[in-house]
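Results of the structural survey
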Amino acid sequence: MTDVTGAPADVLHTLFHSDQGGHEQVVLCQDRASGLKAVIAIHSTALGPALGGTRFYPYASEAEAVADALNLARGMSYKNAMAGLDHGGGKAVIIGDPDRHKSEELLLAYGRFVASLGGRYVTACDVGTYVADMDVVARECHWTTGRSPENGGAGDSSVLTAFGVYQGMRASAQHLWGDPSLRDRRVGVAGVGKVGHHLVEHLRAEGAEVVITDVREEAVRRILDRHASGVTAVADTGAMIRLEGLDVYAPCALGGALNDDSVPVLTAKIVCGAANNQLAHPGVEKDLADRGILYAPDYVVNAGGVIQVADELHGFDFERCKAKAAKIFDTTLAIFARAKADGIPPAAAADRIAEQRMHEAAAARRGAEMTPAAISRV
């Protein structure tokens with residue numbers, strides 16, 4: 001079923017009526033010459049210009065792409081709020097296989113669409129896009145971060161993303177076991193790509209035993225070749241989550257890792273990973289809590305990357321960003337404390353804190369717009 005525009009009716013219902021909606025703006029982008037088909041979703045600008053990456057992925061349908069953009073943009077509003085950034089949430093998805101469809105012409109066309117928003121949305125890297133891609137996009141769009149140092153950017157944001165996840169994992173250990181150390185803990189990292197392989201390095205440096213898996217054999221082989229001991233591999237995520245003696249599970253690939261099938265068989269006592277949207281649907285966080293599994297909200301612990309790209313807009317300083325990312329440890333502990341005080345799962349506690357910050361910012365903006373000075377300028 002479609003509406004008068006030809007868009008799937010369920011997508012429009014999601015946008016205007018469901019709990020996953022409430023977005024300020026959604027832009028459908030098409031450039032026939034380059035083959036670009038993209039969706040830019042702006043969830044909120046209450047805290048400032050929307051900031052979020054560009055995902056390049058072979059979606060099964062346009063409706064699936066729109067739904068993903070909506071969910072990811074909403075997640076960025078919460079992530080940026082919890083990271084203490086003066087940015088709202090936005091996200092873009094480009095429909096297609098990046099290995100087959102990505103081209104300079106396509107990326108330039110995409111940059112023109114982002115530029116047309118006049119700074120309401122600031123883009124960066126995500127799954128399927130890289131620093132070199134952002135350098136191309138930036139040729140058409142000032143509001144582009146995640147660029148190479150040679151082009152005025154900060155480079156790969158996965159370094160600080162992994163560092164932030166590591167801090168969240170240490171906070172989780174502190175909360176559950178009374179000690180932040182991960183030495184001799186068994187940690188499963190599912191997905192050892194851009195972020196996951198950096199996370200493995202942090203864990204091994206502290207003396208954790210690491211188990212890895214990835215759909216790409218070459219990614220697994222790179223880790224195993226680097227570490228003569230302390231790292232083992234399993235066939236897939238299904239094998240990892242059932243592994244006896246697993247202390248921490250770190251989903252670092254695509255979302256939906258925590259669902260009705262995986263949670264009942266998960267052996268780990270802590271879930272803390274880099275993947276976005278790890279909870280497959282509302283209610284999974286309660287299922288985790290009912291099983292005594294501590295969940296570190298994904299958008300809180302994986303905020304190191306967005307902290308980096310936000311800093312790039314003001315003149316990048318790595319040490320300043322790393323210090324901000326280190327605060328993810330304290331933020332995560334504060335969420336666990338709020339969850340305990342309110343008798344709710346950590347994911348719900350994080351949402352409450354983020355929503356409060358956005359609500360207060362929006363109220364302050366409305367108040368500023370109604371001052372006598374502001375009214376006199378109208």
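Each chain carries its own residue numbering, running from 1 in the written order of its sequence. pLDDT decides what is reported in this predicted model: residues at 70 or higher carry local features, side-chain atom pairs at 80 or more are listed and counted, and totals for whole chains, interfaces and linings draw on all residues regardless. Excluded from the side-chain calculations are hydrogens and water; all other atoms, namely the structure's heavy atoms, are used.

The next thing to look at is unusual backbone geometry. Its identity is not glycine, yet Asp184 carries a phi of approximately 70 degrees, on the positive side. Exposed residues in this analysis have more than 50% of their type's maximum accessible area, buried residues have under 20%, and partly exposed residues fall in between, with area computed by a 1.4 Å probe over protein chains only. For Asp184, a relative accessible area of 63% gives the class exposed. For Asn277, which is not glycine, the phi torsion reads 50 degrees and is therefore positive. To qualify as a helix, a DSSP run of H or I must reach at least 4 residues; to qualify as a strand, a run of E must reach at least 2; elements of each kind are numbered from the N terminus. With respect to the helices and strands, Asn277 occurs in the loop between β11 (270–271) and α10 (284–290). The partly exposed category is assigned to Asn277, whose relative accessible area is 29%.

Quick look at the nonpolar core now. If you look at the biggest cluster of nonpolar residues, it comprises 40 residues, and the most contacted ones within it are Met169, Val189, Leu199, Val200, Leu203 and Ile212. Mapped onto this core, the elements with two or more residues apiece are α6 (158–177), β7 (186–190), α7 (196–206), β8 (209–213), α8 (217–226), β10 (248–251), α12 (304–312) and α14 (328–342). Sorting elements by how many residues they give to this core places α6 first, with five residues. By definition, residues are in contact when any of their heavy atoms lie within 4.5 Å. When neighbours within four sequence positions are excluded, Met169 is seen to be in contact with Leu182, Val187, Leu199, Leu203, Val248, Ala250 and Cys272. Put simply, a nonpolar core is a bunch of buried Ala, Val, Leu, Ile, Met, Phe, Trp, Tyr and Cys residues held in one set by side-chain atoms that sit within 4.5 Å of each other. Formed by 23 residues, the second largest nonpolar core is a distinct cluster that contains Cys29, Leu36, Ala92 and Ile94.

Okay, the environment of Ile241 next. By secondary structure assignment, the location of Ile241 is in helix α9 (residues 237–241). With 107 residues separating them along the chain, Ile241 and Ala348 place their C-alpha atoms 24 Å apart. Look past the residues within four positions of Ile241 in its chain and what remains in contact with it is Tyr249, Ser262, Val265, Leu266 and Thr267.

Bringing the pattern of salt bridges into the picture now. Should a side-chain nitrogen of Lys or Arg be within 4 Å of a carboxyl oxygen of Asp or Glu, the pair is scored as a salt bridge. With the rule as written, the count across this model stands at 20 salt bridges. Close ionic contact of Arg139 with Glu104 constitutes a salt bridge, the shortest N to O distance being 2.8 Å. Of this pair, Arg139 sits in the loop between α5 (131–138) and α6 while Glu104 sits in helix α4 (residues 104–115), and the two are 35 residues apart along the sequence. Among the residues examined, Glu104 registers a relative accessible area of 44% and is labelled partly exposed.

This part covers the confidence of the model for the protein chain. What pLDDT reports is the predictor's confidence in each residue, on a scale of 0 through 100. Confidence in the prediction of the protein chain, expressed as mean pLDDT, is 92, and 91% of residues score 70 or more. In this model residues 1–6 is a low-confidence stretch, pLDDT under 50, and it forms eight contacts with partners more than four residues away in sequence or in other chains.

Turning our eyes to something else, we now look at α14. One less than the number of residues in a helix, times 1.5 Å, gives the span that helix is expected to have. In this model α14 runs 21 Å from its N-terminal to its C-terminal C-alpha over 15 residues, within 8% of the 21 Å that 1.5 Å per residue would give. Within α14, the full set of buried residues consists of Ile328, Phe329, Thr332, Ile335, Phe336 and Ala339. The arc enclosing the buried residues of α14, seen along the axis, measures out at 125 degrees, which places them on a common side. Arc definition: it is the arc formed by the directions from the helix axis to the C-beta atoms.

What follows concerns the side chain of Asn276. If you trace the backbone, Asn276 turns up in the loop between β11 and α10. Polar contacts, as counted here, are pairs of nitrogen or oxygen atoms within 3.5 Å of one another; within protein the pair requires one atom able to donate a hydrogen and one able to accept it, and residues that are adjacent in sequence qualify only if both atoms are side-chain atoms. Engagement of the side chain of Asn276 in a polar contact is seen with the side chain of Lys79, the distance being 3.4 Å. In contact with Asn276, not counting residues within four places along its chain, are Arg55, Leu72, Lys79, Lys91, Asp126, Leu254, Gly255, Asp298 and Asn302.

Right, let's get into the side chain of Arg147. With respect to the helices and strands, the residue Arg147 is situated in the loop between α5 and α6. Within the structure, the side chain of Arg147 is placed 3.1 Å from the backbone oxygen of Asn151, a separation counted as a polar contact. Excluding residues that lie within four positions of it along the chain, Arg147 makes contacts with Val131, Met134, Asp135, Ala138, Gly152, Gly153, Ala154, Gly155 and Glu312.

Two rings belonging to Phe, Tyr or Trp (six-membered ring only in the last case) form a pair when the distance between their centres is within 6.5 Å. Interplanar angles under 30 degrees mark stacking, angles over 60 mark edge-to-face geometry, and anything in between is tilted. If you walk through the whole model with that rule in mind, you get three aromatic pairs. For the ring pair Tyr57 and Tyr59, a centre distance of 5.1 Å and an interplane angle of 70 degrees mean the geometry is edge-to-face. The class of Tyr57 is partly exposed, set by a relative accessible area of 29%. The exposure class of Tyr59 is buried, given its relative accessible area of 9%. Relative to Phe318, the ring of Phe316 has its centre 6.4 Å away and its plane inclined at 75 degrees; by these criteria the two rings are edge-to-face. Any Lys NZ or Arg CZ that is within 6 Å of a ring centre and within 35 degrees of that ring's normal is treated as a charge sitting over the ring. Sitting over the face of the ring of Trp177, Arg185 holds its NZ or CZ atom 3.7 Å from the ring centroid. Lying over the aromatic face of Tyr130, Lys194 brings its terminal NZ or CZ to 4.5 Å of the ring centre.

Glancing now at the pairing of β8. Extensive coverage of β8 is indicated by the burial of four of its five residues. The pairing of β7 with β8 spans five bridges and is classified as parallel. Note on β8: the bridge partner recorded for Val187 is Val210. Think of it like this: strands point away, you trace from the first strand over the helix to the second, and a clockwise trace means the crossover is right-handed. In this view, the connection linking β7 to its parallel neighbour β8 by way of α7 has right-handed handedness. Between the parallel elements β8 and strand β9 (residues 231–233), the chain passes through α8 in a crossover that is right-handed. Two strands qualify as a pair provided DSSP detects at least 2 bridges between them.

Taken in spatial order, the six strands make up an open sheet running β9-β8-β7-β10-β11-β12, and their pairing is parallel. Looking along the sheet, the strands with just one partner apiece sit at the ends: β9 and β12 (294–295).

Let us look at the packing of α12 against helix α13 (residues 318–326). As a rule, the C-alpha atoms of each element are fitted with a line to give its axis, helices using only the stretch in contact, and angles between N-to-C directions run from 0 to 180 degrees. Running from N to C, α12 and α13 cross one another at 145 degrees; their axes reach a closest spacing of 9 Å. As for the relative orientation of α12 and α13, their crossing is right-handed in sense. From α12, Gly304, Ile307, Gln308 and Asp311 reach across to α13, where they touch Arg320, Cys321, Lys324 and Ala325. Taken together, the residues that form the contact of α12 with α13 break down as three nonpolar, two polar and three charged. Here a crossing is called left-handed whenever its near helix is offset anticlockwise from the far helix by less than a right angle, and right-handed whenever the offset is clockwise. Charged residues are taken to be Asp, Glu, Lys and Arg, nonpolar residues to be Ala, Val, Leu, Ile, Met, Phe, Trp, Tyr, Cys and Pro, and polar residues to be all remaining types, Gly included.

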